[in-house]
Amino acid sequence: MGEMSLAEELKRVVRGEVDDTPATLDKNSRDASLFRVVPEVVVRPLDAADIAAVVTFASAKKTEEAKHEEGRAHGSKSGISITARAAGTDMSGGPLNSSIILDMTAHLNKLVELGVQDAVVEPGMYFRDFDKETKKKNLELPSYTASRELNTVGGMVANNSGGEKNLKYGKTARYVEGLEVVLADGEVHTLRNLAGDALTQKLMEKGFEGDLYRSVAALVATPAHAAVIEANKPHVEKNSSGYALWDIGDGVTSLNLARLMVGAQGTLGIITNIHFKLVHPKPYSSMAVIFVSNLSQLGELVPEVLRYKPDSFESYDDHTFSIAMKYLPELAGQMKAGMISLGISFLPELWMALTGGIPKLVLLVEFRGDTQEEALAQAQKLAAEVAHNKSHVSVRIAETELQSRKYWAVRRESFNLLRKKIRGKRTAPFIDDFVVPPLVLPEFLPKLEAILANYDLVYTVAGHVGDGNFHIIPLVDPARPDTARIIDELSHKVYDLVIAYHGSISGEHNDGLIRTPYVEKMFGPAMLALFMEVKQIFDPLNIFNPGKKVGTTFSDALAKLDLPALTTK
Ligand SMILES: Cc1cc2nc3c(=O)[nH]c(=O)nc-3n(C[C@H](O)[C@H](O)[C@H](O)COP(=O)(O)OP(=O)(O)OC[C@H]3O[C@@H](n4cnc5c(N)ncnc54)[C@H](O)[C@@H]3O)c2cc1C
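A few points on the structure. Quantities reported herein were computed from a predicted structural model and do not represent experimental measurements.

**Side note on empty space enclosed by the protein**
1) Next: Using the criterion set out here, one finds four cavities of 30 Å³ or more in the structure.
2) Next: Computed from the structure, the largest cavity encloses a volume of approximately 120 Å³.
3) Next: In terms of lining, the largest cavity is formed by 13 residues, of which the most central are Leu 295, Leu 445, Leu 448, Glu 449 and Val 461.
4) Next: It is helix 19 (residues 441-453) that contributes the most residues to the lining of the largest cavity, four residues altogether.
5) Next: The space that makes up the second largest cavity amounts to roughly 90 Å³.
6) Next: Lining the second largest cavity are Phe 35, Ile 487, Asp 488, Ser 491, Ile 514, Pro 517, Tyr 518, Phe 554, Ala 557, Leu 558 and Leu 561.
7) Next: At the level of secondary structure, the elements contributing two or more residues to the lining of the second largest cavity comprise helix 20 (483-500) and helix 24 (554-559).
8) Next: Taken together, the residues of the lining of the second largest cavity sort by class into nine nonpolar, one polar and one charged.

Rendered as structure tokens:
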């Protein structure tokens, strides 16, 4: 037995494929982040029972490892673990780990049931496929991301992802009614919000699940803990950092363990089925497009726009616009539009750039309605007010969905274009997702710009202005020997600033390897201790995706940066 590889051992316990070929390991060693961690083996589980078998196997092995702790400390292995991976578009290093990777997209990818206003779906289903199915009943999961053509619904749940409709509809957590999960006991459990008698009964139940509810209930209901949670919960519109202890009930009248799993990046268990509630999207849209030449103008503009309660309030900057123009053919390809007609549609913007310079920021304010007239009337009303009040701001109206497509394409595709097209440089998501209260933006943004100006970096800014959530993506030169130092130094400076403005280090991309070391900075030591307790309650052997959310130091993270290989990409 001691001679068998981990793959050989796993083949005895699972029915799905077990793959440790170099090509598979290499593919699974990267996501959309800056990291590389090569796993030992990739398993493609057939179903929840297969995952349960892997968990039981890993727990036994880890217990055995613990018995030989001393020997292991001298060995090279970091210990057995299980990390779920869906589409691998994570920007934080979330699905990367050194032991067993569970490929959720291979088999666990089906729509189980589509109801009148809800759906049950396996986590490995791509959002694009899920969306096609739900649209047949005019239903939508409105928390879809800019990566909507690439990612899965399970990845969205595990990261608590969000997107362009967040302002009106919130993030993925709002739509999760219940989850089926494999937990540390190697059994399948169903988690959802429990209140009143249902909670009382659950708290009296024997066994692992009863213990779990009792432990978490005690954790949040302890008055000293409740005070820590209340004092340190994020005060911004969106947050994916930490465990959402402030959002799971008081442990006495209600407790929602499914909510705790959402955004936990697979560190508490493996999701095997998702029950979503869905919305009916309004069919028509119009957009006011506001061109801003100076960031200080945001001070007045943001509250003015928010008063109109738009469906989306998004932005991209001058660098993003220039890159989009440079890669117009690729953009046209993504939009399935003709390159010439797309080019022509951008002529007014190009003329604006030639005559007055490229605007610093383009704000996209979308209104949706049951009729085209309803949506257009709102866009026109806002545009008229903005044009009247601000002499240095220009506004354009995209009357229909078709006319606004080009703006959405720039907004949605910019990161993907950067990732794929820029040669010799690499997109470096490390300050890619912070959030500050939107009303502090006029004060915050110049300070941020001043920090960034000290570094010789090209970067793009896009984001969800309405939520104060910005995606700053620097392009780093892999050949520069000081890249790791810049990433470390700049992250500290930017996150210090964000935290000083009571912001969040991650609105939607989550902690992963890149931000786990900053979780204590954001939440403080008392809250970090509660997060560690949550991890300990759910995963006492530290089997599920270790080192994410808790347990990664700054130097651990830096050591995993994929810098030497950058030149070959
Ligand atoms: C071009 C581009 C644009 C993006 N735009 C956005 C955006 O607008 N908004 C946004 O929020 N994000 C965005 N992202 C980040 C990313 O796409 C999202 O976080 C996405 O939802 C991740 O889904 P995935 O299927 O790729 O999951 P993966 O990357 O495979 O995994 C994500 C995390 O979930 C865990 N996980 C996966 N499946 C399970 C499971 N079954 N059980 C438990 N844990 C699991 C993994 O371990 C990992 O920690 C973007 C990324 C790219 C490349």
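Don't stop here, the text continues.
**Focus on unusual backbone geometry**
If a residue is not glycine, its phi is most likely negative; likewise, a peptide bond is most likely trans.
1) Next: Not every positive phi belongs to a glycine, and Asn 138 is a case in point at roughly 55°.
2) Next: Checked against the element boundaries, Asn 138 lands in the loop between helix 5 (127-135) and helix 6 (153-159).
3) Next: Positive phi, normally seen in glycine, also occurs at Lys 549, with a value near 75°.
4) Next: Structurally, the position occupied by Lys 549 is in the loop between helix 23 (525-538) and helix 24.

**Focus on the side chain of Ser 254**
1) Next: Note that Ser 254 resides in strand 9 (residues 254-256).
2) Next: Judged by relative accessible area, which is 18%, Ser 254 ranks as buried.
3) Next: Setting aside residues no more than four positions away along its own chain, Ser 254 makes contact with Asn 193, Leu 194, Ala 195, Leu 199, Ile 248 and Gly 249.

**Observations concerning a nonpolar patch on the surface**
1) Next: Taken together, the side chains of Ile 340, Ile 344 and Leu 347 make up a nonpolar region of the molecular surface, amounting to roughly 330 Å² of accessible area.
2) Next: Take Leu 347: it is sitting in helix 16 (residues 347-356).

**A few points about the sheet that holds strand 4 (residues 100-103)**
1) Next: The four strands lie next to each other as 1-2-4-3, forming an open sheet whose pairing is mixed. Both edges of this open sheet fall to strand 1 (17-19) and strand 3 (82-85), since each of them pairs with a single strand only. For this sheet the average axis-to-axis angle between neighbouring strands, irrespective of direction, equals 25°.
2) Next: Across four bridges, the pairing between strand 3 and strand 4 is parallel. Note that in strand 4 the partner of Ala 84 across the bridge is Leu 102.

Conventions and cut-offs
Residues numbered from 1 in each chain as written. Predicted model: local features only at pLDDT ≥ 70, side-chain atom pairs only at ≥ 80, totals over all residues. Heavy atoms only, no water. 1 Å grid on protein atoms, 1.4 Å probe; cavity = no way out; pocket = protein on both sides within 12 Å on 5 of 7 lines; lining within 4 Å. Points joined across faces, edges and corners; volume = space filled by probe spheres on them. Helix = DSSP H or I, 4+ residues; strand = E, 2+ residues; numbered from the N terminus. Nonpolar A, V, L, I, M, F, W, Y, C, P; charged D, E, K, R; others polar. Buried < 20%, exposed > 50% of the residue type's maximum accessible area, 1.4 Å probe, protein only. Contact = heavy atoms within 4.5 Å. Patch = residues over 30% accessible without salt bridge, like charges linked within 9 Å, V, L, I, M, F, W, Y side chains within 5 Å. Areas by Shrake-Rupley, 256 points an atom, 1.4 Å probe, with all protein chains shown as cover. Salt bridge = Lys/Arg side-chain N within 4 Å of Asp/Glu carboxyl O. Pairing = 2+ DSSP bridges. Axes fitted to C-alpha atoms, helices over the stretch in contact; angles between N-to-C directions.

The quantities given are spatial measurements derived from coordinates; they are silent on function.
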